[in-house]
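So you can see what is in the structure, the chains are spelled out below.
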Amino acid sequence: MSDLMADGASFVAEQLTENLSRTVSYYDASAAQTITVQATKCPVKRGIDPEFGVLRINECDWLIAASELAINGTAFEPAKDDKVTDGTEVWQCLPLDGNAEQEARPLDPFGYAWRVHTKRIDV
Amino acid sequence: MAGPVPGRECKLYYNTGTFGSPSWTLIPQVVDLDYDMPATWAAVPARISLWNFEVKALQGLVVNFGYRRRSGVSDAVFTAIDGYAIDTTKKELAVADGAIASTGTRYLRGTYQFEKGRSEPIGDAAIDNFSAHLTYEEDSGTLREPTVVVV
Amino acid sequence: MAAVIQTLRDEVASTLTTQSAGWAYTFSAVAKFQPKFDFEDVDSLQVQVVPLTWSKAPSSRDLWEHEYVIGVGIHRRLAALDTTIFNNLLQLCEQISDYYEDNRATTSDCVLMGIEFGGATGAPYNHETIETQNTFTSVIQLTFRKYR
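Owing to the predicted nature of the structure, the values given are computational and were not obtained by experimental measurement. (Residues numbered from 1 in each chain as written. Chains lettered and ligands numbered in written order. Predicted model: local features only at pLDDT ≥ 70, side-chain atom pairs only at ≥ 80, totals over all residues. Heavy atoms only, no water.)

So, the environment of B:Arg69
Link 1 in the chain: Structurally, B:Arg69 can be placed in the loop between β6 (62-67) and α1 (76-85).
Link 2 in the chain: For B:Arg69, a relative accessible area of 33% translates into the label partly exposed. (Helix = DSSP H or I, 4+ residues; strand = E, 2+ residues; numbered from the N terminus. Buried < 20%, exposed > 50% of the residue type's maximum accessible area, 1.4 Å probe, protein only.)

This is the structure in structure tokens:
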């Protein structure tokens, strides 16, 4: 009996990559290597952190198929301090403020795609 | 000011004139002030009654106040009062619940001799603490006793 | 004629800028009404000085005791966590607080009464921003008092 949920998740990951993504550079901090991937840019959030005055932060999530994240055929997981470069903008993979969530999480229960949380560090 | 008065709005004066024609000079840098009128009570029991009756034998009066002296600032009032504390000068004080010239102000008038101390807490401003004790003084042969005056 | 708290803030910023030449990092402290940063710009050391609180209480029947708390905010974002740089930034925080302890600077005719880190928390730096922003954030609160 097939797992429709898994099949559906796999289909979604494929569609995101083929039809709803853009080409960006992805820097794997642990390997210190940059690859080119297809990534879906989620709406940018502009937050304010009121710790001491106002800290204006642009935040963005990237949806990336797990199959895209591989170096020389070896898959890796997104981790803190990885970077996504989209044109002139550089986004660093960092946990959500308030310690609400780690820097990345699987988009579906089966690991077909990742949701990567980033903050813009350069324009 | 009608109604309950916060301590900060009360006034303390000293007399730079005479007993008969006082000139009340304000002491502005007072911090906290309190006065006590402790009485000595004599017991007068008698077999006629179960009760232990008392009569007031003596009455005291001591006025205590703190003074916020500012280092480096010329303060003629402090200079005067500080001087009274290191000699036997007798001086009148008026402890008032408002400006002494205002109708309705109530003040305690008495003649005192002074002593003092000083505290310099590490976390707060230094303060000079004065204690004025009711003293014996006559004016033209008439003994000066404390009086309460309502303006 | 400027408010005492404004003059105090400006003097603290000027003093920190001058003294920093001999500290772990040299910087130009900026006096602000409201500190504002863009995350992109915090990759270089930012030191901003702002008035935080101002309270008054009677000191005598004629004087009021004014207490001013001036906040010194230290921010620096790193590409990745670097304990060497974070240690240097902690040392900078200590150098700033030591300067005010040792010199008892009478700034704007106000007496230094206390030095605190992180306000009520007492934390020398914000633990959360280390993890979520790769940023060292510290707030030093200088409490001054003036009788007027």
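Describing the interface of chain C and chain B
Link 1 in the chain: The interface of chain C with chain B comprises 11 residues on the first partner and 15 residues on the second.
Link 2 in the chain: Interface of chain C and chain B: buried area, both sides summed, is about 1,100 Å²; carbon and sulfur atoms make up 44% of it.
Link 3 in the chain: When the buried surface of chain C facing chain B is broken down by residue, C:Ser60, C:Arg61 and C:Leu63 rank first, second and third, together holding 57% of it.
Link 4 in the chain: Viewed at the interface, chain B and chain C are joined by 1 salt bridge.
Link 5 in the chain: Among the salt bridges present, the one from C:Arg145 reaches B:Asp124, with a minimum N-O distance of 3.3 Å.
Link 6 in the chain: Along the contact surface separating chain C from chain B lie 9 residue pairs in polar contact (both at pLDDT 80 or more).
Link 7 in the chain: When residues of the side of chain C that touches chain B are traced back to their parent elements, those giving at least two are β4 (64-77) and β6 (135-147) of chain C.
Link 8 in the chain: Residues that form the side of chain C that touches chain B fall into these classes: 5 nonpolar, 2 polar and 4 charged. (Contact = heavy atoms within 4.5 Å. Buried area = accessible area lost by both parts, 1.4 Å probe. Salt bridge = Lys/Arg side-chain N within 4 Å of Asp/Glu carboxyl O. Polar contact = N/O pair within 3.5 Å; in protein donor to acceptor, adjacent residues only side chain to side chain. Nonpolar A, V, L, I, M, F, W, Y, C, P; charged D, E, K, R; others polar.)

Details of the interface of chain A and chain C
Link 1 in the chain: Contact with chain A, which involves 23 residues of that partner, is made by 29 residues of chain C.
Link 2 in the chain: At the boundary of chain A with chain C, total buried surface from both sides reaches about 2,100 Å², with 52% on carbon and sulfur atoms.
Link 3 in the chain: Summed over the three residues of chain A that lose the most area to chain C, namely A:Phe52, A:Leu55 and A:Arg56, the buried surface amounts to 33% of that side.
Link 4 in the chain: Counting across the interface, chain A meets chain C through 2 salt bridges.
Link 5 in the chain: In this structure, the salt-bridge partner of A:Arg56 is C:Asp38, at a minimum N-O distance of 2.9 Å.
Link 6 in the chain: Our count for the chain A to chain C interface comes out at 13 residue pairs in polar contact (both at pLDDT 80 or more).
Link 7 in the chain: Looking at the side of chain A that touches chain C, its residues break down into 9 nonpolar, 5 polar and 9 charged.
Link 8 in the chain: When strand β4 (residues 54-65) of chain A meets strand β2 (residues 36-38) of chain C, the two strands line up parallel, connected through 3 bridges. Considered in β2(C), the bridge of A:Leu55 is made with C:Phe37. (Pairing = 2+ DSSP bridges.)

With respect to the nonpolar core
Link 1 in the chain: Counting residues in hydrophobic clusters, the biggest one holds 33 residues, and the most contacted among them are C:Val12, C:Leu16, C:Phe27, C:Val72, C:Ile74 and C:Phe144.
Link 2 in the chain: Within the residue set of this core, elements represented by two or more residues are α1 (4-19), β3 (46-58), β4, α2 (83-103) and β6 of chain C.
Link 3 in the chain: Ranked by the residues each element gives to this core, the list is headed by α2(C), at 8 residues.
Link 4 in the chain: Counting 21 residues, the second largest nonpolar core, distinct from the first, contains B:Tyr14, B:Phe78, B:Val95 and B:Ala132. (Core = buried A, V, L, I, M, F, W, Y, C linked by side-chain atoms within 4.5 Å.)

Focus on the confidence of the model for chain C
All names here are of chain C.
Link 1 in the chain: Per-residue pLDDT for chain C averages 90, and the proportion of residues at 70 or more is 97%.
Link 2 in the chain: Per-element averaging of pLDDT across chain C places β2 at the bottom with 86 and strand β1 (residues 30-31) at the top with 95.
Link 3 in the chain: The ipTM, which scores confidence in the relative placement of chains, is 0.82 for this predicted complex, and the corresponding pTM is 0.83. (pLDDT = per-residue confidence, 0-100.)

Points about unusual backbone geometry
Link 1 in the chain: Phi is positive for B:Ser140, which is not a glycine, with a value near 55°.
Link 2 in the chain: Classification of B:Ser140 by relative accessible area gives exposed; the value is 76%.
Link 3 in the chain: Of note, the phi angle at C:Asn134 is positive, near 55°, even though the residue is not glycine.
Link 4 in the chain: For C:Asn134, the position within the fold is in the loop between α3 (127-133) and β6.
Link 5 in the chain: Its relative accessible area of 0% is what places C:Asn134 among the buried residues.

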